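Chains, contacts and geometry: an overview
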Amino acid sequence: MADAADFQGTSASPARRWLRRTGALLAGAPLLAGLLQLPAAAPADAAGQEAPQAAGGSGSVAVAVDSLTPTAPTDGDTVNVSGTVTNNGKQAVTDAHADLRVGPSLDTRSSIDALAKKSGDVQGPAGKAVGGKYSEKFAKLTPGVAQPFNISVPADELDLGPDGVYQLAVALSGETSAQPWDQVLGVQRTFLPWQPEEAGTKTKTTFMWPLTSTVHMTAETGSNEQQTPVFRNDDLAEEIAPGGRLDQMVSLGKGLDITWVIDPDLLASVDAMTRNYQVRGEDGTTTAGRNQAVAKQWLAQLQQAVTGKEVVALPFGDPDLASLAHNGTNVTGSLSHLKEATDVVEDTVETILHVKPSTDFAWPADGAVDPSIVKVATSAGADKVIARSDSLQDNLSYTPSAARPVGGGTTAVVADARLSTAFQGNLTKASASTQAVQRFLAQSLTLGLQSGKQRSVVVAPQRMPSVSQAQAMAEALATLQSGNWSESQDLADAAKAKPDPAANTRVPPTSAYPSSLRNQELLRAGFEQIARTQGKLDRFKVILTDQSRVVTPFGRAMNREMSTSWRGRGVAAVGYRDGVESYLDGLADGVKLIEKSETKLSGRSATIPVTVQNNLVQGVEHLHLRLTSKNPTRLKIGDDAYEEQPVTVNGGHSQSVKFTTSANANGRAEVVAQLYTEDGQKYGAPVTFDVKVTEVTATVMLVIGGGVLLLVLAGFRMYTQRKRAAAARETDEDGTAEADDDAESPQNPEAPGDRLKQETEAGSRAEGPEQPSDPAPDTAAESADPSGTGERVDR
């Protein structure tokens, strides 16, 4: 039998071979026959065997290729391969060695896919070992312990043939106590693009570099003049901080020839963070945001990165076109929101980035299209739809150019599915990232070698790459742009390229839309809630003196409610929509009628005040307050069953509106106060209260009138008494003064006896009884007390 050491690439010592052969002879023929049945010890022709026979399965040793540089070598380069080997078995591996192996070229893109699926299969061919010193030996691999390896070999030693993609593998061979012969225990295959010279016809490649995020801003703003925005959380600050996801996207992208694809909502959110902003915590309270410097730095870096580059702007909030097409078109106003999201794009991007964006591209989720999606995508003005080749498929032996007309003046820009999905999944491990980079480059080179014709290819990766995914993308793209088979192209140029006449231009039917994507869509109930919120906003804004303070933040919030970023996050999407609607309800309720208790009405007529309260920071107008009597036969409001008056209330104030009423009968009458807008729509909740009417009879009115008359007469009597008393005093004073003058006058002297007689007679009249002949006084003695009841007043 042929010994394992005779196989190509093994390194067992002569002493070991002699011992094993001696043991086999002593064991006899039965043991020899048993050994012949072992899978790893089957006979093989040493001259024709590429590698030691595999132990079976995926191998007990895991091989990870963490780095391969250069990723696309040329003549004169030295290929460096490094990584780790880890013994996952239960027995130690001895006499282990890691060899670099080169397999045959891979001529088709499907063969690359097939190899990627079995990259760690030890049973498949691993290729021819480079041999010689280009190997790394390990005395012992302890179970569970990872050990590094690093193999460097000149590209010329790899014996590569014509241009193409070659299989490059690192195989770990060794022995165990249970199987003491050299065998492949682990392998890792990857791809080595080989294009040492400039290609005669280069592939024009467009790489879309997406800057999108989840929804961060709410509809809520502060009551100050600046309308301080409120954020759902502070996650955006983490993304744009140094080392964060969006920071890496900008840092990596600024050195590449790419097309920036940006959601204006992201720009608006970061721009809002450059000023005062609030962050809502998990307990519902808000605190002041403190990342203004981070936001300013990120925007400055982005402004520098996009200068001179192509910028494609998505509609505001990156609306989910497929959800809208499948579930929202039958809901009133849904397409209007898409139009609004498109109309604000240019102003937003130009104001913040100072570049003019292209707004004529639409990008459905994962590039999946059907006729309804194309129709919705172009309804807001876009005439180019970014699709993907696994949706708009071609039955060709080669990959056609991206652009193709699909009717109605619309161009489908079909991104290559293999290249676009190359960087999905978890790439945090270096081995996974390296494999993604090499596979991407292999697919790109193979695509270019399919025909001698130049083609335009578009790469549309996932919307929100992670940091590790972005780093892998940047590494692959840097190699592609410095390589010999591809050149960069803008997305607009790719859309204008001459379509391949053999390419498919028929959009797949709606039934072909992937169920996995349909299950992530925004449901009809979500669009109905958005429509309900819009209706409330329309009724609320008409009463405001400054509508922009409300219309703008709520309009942008409803754009965010339709965002593609809600896919797979249905519960969070519902919570956001509920929050927007609830906040709007609270604002609208800030203008309301004050509740009233029962009102008593005595008499035939009176005024009833109704108070309108405005808790908003701005004034309200264009409102009418209507007061309606439910029983107009008992109580009339104005001249009829109701009366309506205009209302204008300044911000933070209340105003009472008075209504004239008239009573016709005693009892209770129900009255309803209701605010209306100028177009006759009810605003807010009504206020209902009772008015208790007490009608006054004619007899009671006469009694009251008589009492009032008596009071008037009594007052008149008091007035006349005072006037007559004052006149009498003036007369007495004048008479006394004349008498004194006569007595003292030398012309008419009066004897003292005469004067004494006069005073005596006057005193007798004052103190003596009244004589019948004395005249009666005109009035009674002056008194300040009111007249008694029934008192007769002389006229």
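Right above here is the structure, for reference.
Residues numbered from 1 in each chain as written. Predicted model: local features only at pLDDT ≥ 70, side-chain atom pairs only at ≥ 80, totals over all residues. Heavy atoms only, no water.

**Considerations on the pairing of strand E30 (residues 682-694)**
If a strand is regular, its side chains alternate between the two faces of the sheet. Applied cut-off: Any two strands with at least two DSSP bridges between them are considered paired. Elements are defined by DSSP. Helices are runs of H or I of four residues or more, strands are runs of E of two residues or more, and each kind is numbered from the N terminus.
Of the pairings in the sheet, the one linking strand E23 (residues 599-602) to E30 comprises four bridges and is parallel in character. Along E30, the bridge assignment pairs Ser-602 with Thr-694. In terms of strand pairing, strand E29 (residues 667-677) meets E30 through nine bridges, oriented antiparallel. Residue pairing across strands places Val-671 opposite Phe-689, the latter belonging to E30.

**Brief notes about the sheet that holds E30**
To keep things clear, this is the line we draw: Here the axes come from fitting lines to C-alpha atoms, over the contacting stretch only for helices, and the angles between their N-to-C directions go from 0 to 180 degrees.
With mixed pairing, five strands are arranged side by side in an open sheet as E23-E30-E29-E25-E27. On the outer flanks of this sheet lie E23 and strand E27 (642-649), each paired with one strand and no other. Strand after strand, the sheet turns through a mean of 30° between neighbouring axes, direction not considered. Inspection of the sheet shows strand E25 (residues 620-629) paired to E29 by seven bridges, in the antiparallel sense. Following the sheet pairing, Leu-625 is matched in E29 by Leu-675.

**So, the packing of helix H17 (residues 524-541) against helix H19 (residues 570-588)**
As a reminder, the rule being used: For classification purposes, angles smaller than 35 degrees are called roughly parallel, those larger than 145 roughly antiparallel, those between 65 and 115 roughly perpendicular, and all remaining angles oblique. Whether a crossing is left-handed or right-handed is set by the direction in which the near helix is turned from the far one by less than a right angle, anticlockwise for left-handed and clockwise for right-handed. Note on contacts: a residue pair is in contact if any heavy atoms of the two residues lie within 4.5 Å. Only Asp, Glu, Lys and Arg are considered charged in this grouping, and only Ala, Val, Leu, Ile, Met, Phe, Trp, Tyr, Cys and Pro are considered nonpolar; every other residue, Gly among them, is considered polar.
The contact between H17 and H19 brings their axes to 10 Å, and the two run at 20°. Considering their axes alone, H17 and H19 lie roughly parallel with respect to each other. Here H17 and H19 pass one another in a crossing that is left-handed. For the pair H17 and H19, contact is made by Gly-526, Gln-529, Ile-530, Arg-532, Thr-533, Lys-536, Leu-537 and Phe-540 and by Arg-577, Asp-578, Val-580, Glu-581, Leu-584, Asp-585, Leu-587 and Ala-588, respectively. Partitioning the contact of H17 with H19 into residue classes produces seven nonpolar, three polar and six charged.

**So, empty space enclosed by the protein**
Just so we agree on the cut-off: Space inside and on the surface of the protein is sampled on a 1 Å grid over the protein atoms alone, with a cavity defined as a set of points where a 1.4 Å probe fits but cannot get out and a pocket as an open set with protein on both sides within 12 Å along at least 5 of 7 lines; lining residues have an atom within 4 Å of a point. Grid points are joined across faces, edges and corners, and a volume is the space filled by probe spheres set on the points.
Tallied over the full model, the rule gives six cavities of 30 Å³ or more. By volume, the largest cavity is sized at about 130 Å³. As for the largest cavity, its lining consists of 18 residues, of which Pro-315, Thr-342, Phe-361, Ala-362 and Ala-382 are closest to the centre. Those elements giving two or more residues to the lining of the largest cavity turn out to be helix H9 (334-343) and strand E16 (361-362). Residues of the lining of the largest cavity, tallied by class, amount to 13 nonpolar, three polar and two charged.

That is the geometry; function is a separate question.
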